[in-house]
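Each chain, written out:
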Amino acid sequence: QVQLVESGGGLVQAGGSLRLSCAASGSVCRINHMAWYRQAPGTQRELVASIITDGTTNYADSVKGRFTISRDNAKNTVSLQMNSLKPEDTAVYLCTMFCTGNLRRYWGQGTQVTVSS
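As the structure is a computational prediction, the values presented were derived from the model and not from experiment.

Caption draft 1: Geometry of the overall build of the protein chain. The helix and strand inventory of the protein chain stands at zero helices and eleven strands. Each helix (α) and strand (β) of the protein chain, taken in turn from the N terminus, gives the series β-β-β-β-β-β-β-β-β-β-β. Here the protein chain has a C-alpha radius of gyration of 14 Å; the compact-globule value for 117 residues is 13 Å, and the two agree. Principal-axis analysis of the C-alpha atoms places the extent of the protein chain at approximately 45 × 25 × 25 Å. A total of 117 residues make up the protein chain; the buried ones form 38% of that total. Within the protein chain, contacts between residues separated by at least 24 positions form 53% of all contacts whose residues are at least 6 apart in sequence. Taken as a whole, the protein chain presents about 6,200 Å² of accessible surface, with 48% of it coming from carbon and sulfur. Side chains of the protein chain give 11 positive and 7 negative charges; the mean places of these two sets differ by 5 Å.

Below, the structure written as structure tokens:
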């Protein structure tokens, strides 16, 4: 079993920055795909950014140029640097990782990001 723990959420003013981190622990697992999703109240969960083993990244249009996803393959961690935050970025942010060994996707519990105007 793999456990994911997120950290770094909080309250920030519009225009500010936050850095989210997610660490995997538990069973040894080769992780291919890592990503951050977010979900605001009353909305569907949406992909924010993803990154695969070779470093290829993908971003939602709404965050391009403002957010940067990165990973440490040796430590099985993924981070999300969020700059120029906007009130519409307010949501619970969840990290997810996909294990190629058992073909399972794991999710963290989420961390709240609140951007005030």
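Caption draft 2: Quick peek at the state of the cysteines. As enumerated under the stated definition, the model contains two disulfides in all. Note on cysteine connectivity: cysteine 29 is disulfide-linked to cysteine 99, with sulfurs 1.7 Å apart. Placement of the pair is cysteine 29 in the loop between β3 (18–26) and β4 (31–39) and cysteine 99 in strand β9 (residues 91–99), with a sequence separation of 70 residues. For the pair cysteine 29 and cysteine 99, one class covers both residues: buried.

Cut-offs and rules
Residues numbered from 1 in each chain as written. Predicted model: local features only at pLDDT ≥ 70, side-chain atom pairs only at ≥ 80, totals over all residues. Heavy atoms only, no water. Helix = DSSP H or I, 4+ residues; strand = E, 2+ residues; numbered from the N terminus. Rg over C-alpha atoms; globule rule 2.2 N^0.38 Å. Buried < 20%, exposed > 50% of the residue type's maximum accessible area, 1.4 Å probe, protein only. Contact = heavy atoms within 4.5 Å. Areas by Shrake-Rupley, 256 points an atom, 1.4 Å probe, with all protein chains shown as cover. Lys, Arg positive; Asp, Glu negative; His and termini not counted. Charge placed at Lys NZ, Arg CZ, Asp CG, Glu CD. Disulfide = S-S within 2.5 Å.

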